Amino acid sequence: MAGTGWEIARDSSTTSFNAAVCEGFHAPIFRLVGRRPKVYTVFPMNLSRQHLLARFYDPVAAAGLREHELAQRMFDAVGPTPRRILHLGCGRGWLTRRFAERFPDCEVIGLDADPDIIAAAGELGGRVHWVLGRAEAPPVDGPFDAIVASLLFHHIPRAAKRDAFAYAAKQLAPGGRLLLADFARPHGLGMRLAFLPVQLADGFEDTADNLDGSYLRLMAEAGLHHLREDGHRRTVLGSVALYQASA
Ligand SMILES: C[S@@+](CC[C@H](N)C(=O)[O-])C[C@H]1O[C@@H](n2cnc3c(N)ncnc32)[C@H](O)[C@@H]1O
């Protein structure tokens, strides 16, 4: 991969991946916008739905889920001079680009399993190497000083979580950090109820590990060390925490 410049790496095993991700949130917006074509007329004609979502939906979701605040915690945890960072489930890449800006001498790789989404991330630009692939079997090798993920892991089955954690244990550089922001065990009835829409959208099975706070146990079983769960935050969709581990 080194020396190939910023490009989208295609992994044929993922091309059939259906953009189920964030579908629970995005699909109604797609449908709404799709029924009201006049909405497009206020924007440049070549503006795609991906761009619409990137411009308007992602920032709103990031604010509602406090992703920007979590991003700042991640920057602090990464350390001052990382050389390589891998962002799993990067979506359209707002956080990936933030890492690239924050650490200008660092190689930043954004990986997502959805071909349309990673293509949209590439179009939005940034000093990032965009890669199509799955978090449980990324087609890139370490060592990485940080492997980060934000609001990805509640989308994927437990077996895939285990594979992704095993990958992190193998590909992190000595002292490197896995930084994972995701929904956590709800603190209080209000946060439990707020999490229900996420479960309805993403499935009760894949979100069970969020409810019972199993992430640290799964990380330990994958061979990761120095496990830590940084304080819960209240969000519109339930409690969110930053999990940390190192190889
Ligand atoms: C809720 S979005 C998170 C967006 C991200 N936090 C951001 O900064 O924009 C989840 C993303 O994970 C991706 N995704 C879902 N399953 C994946 C997997 N197994 N491997 C890699 N990416 C995946 C989806 O395509 C989607 O872009």
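This part is about the overall build of the protein chain. Along the protein chain, the regular secondary structure elements total 10 helices and seven strands. Relative to its full complement of 247 residues, the protein chain shows a buried share of 41%. Sequence-distant contacts in the protein chain: of pairs separated by 6 or more residues, those separated by 24 or more amount to 71%.

The next subject is helix α4 (residues 67-78). Because an α-helix completes one turn every 3.6 residues, residues spaced three or four positions apart along the sequence face the same direction. Over its 12 residues, α4 runs 16 Å from end to end, which matches the ideal 16 Å to within 8%, given 1.5 Å per residue. Where α4 is concerned, the buried positions are Glu67, Leu70, Ala71, Met74 and Val78. Projected down its long axis, α4 shows its buried positions confined to an angular sector of 105°, all on one face. Exposed residues pointing more than 90 degrees away from the buried face of α4 are listed as Gln72 and Asp76. Following α4 by one or two positions, Gly79 has its phi on the positive side, about 95°.

Okay, helix α6 (residues 115-124) next. All buried positions along α6 are accounted for by Ile117, Ile118, Ala120 and Ala121. The arc enclosing the buried residues of α6, seen along the axis, measures out at 155°, which places them on a common side. Following α6 by one or two positions, Gly125 has its phi on the positive side, about 85°.

Residues in a regular strand point their side chains to alternate faces of the sheet. Taking burial as the measure, the six residues of strand β2 (residues 107-112) include five buried ones, the bulk of the element. Pairing between strand β1 (residues 84-88) and β2: five bridges, direction parallel. When the bridges of β2 are listed, Leu86 appears paired with Ile109. Regarding the hand of the β-α-β motif, the stretch spanning β1, helix α5 (residues 94-102) and β2 is right-handed. Pairing of β2 with strand β3 (residues 129-132), which is carried by four bridges, proceeds in the parallel orientation. Its bridge partner lying in β3, Ile109 is registered against His129.

About the thresholds
Residues numbered from 1 in each chain as written. Predicted model: local features only at pLDDT ≥ 70, side-chain atom pairs only at ≥ 80, totals over all residues. Helix = DSSP H or I, 4+ residues; strand = E, 2+ residues; numbered from the N terminus. Buried ≥ 20, exposed ≤ 12 C-beta atoms within 10 Å, placed from the backbone. Contact = placed C-beta atoms within 7 Å. Expected span 1.5 Å × (residues − 1). Arc of directions from axis to C-beta. Pairing = 2+ DSSP bridges. Right-handed = clockwise from strand over helix to strand, strands pointing away.

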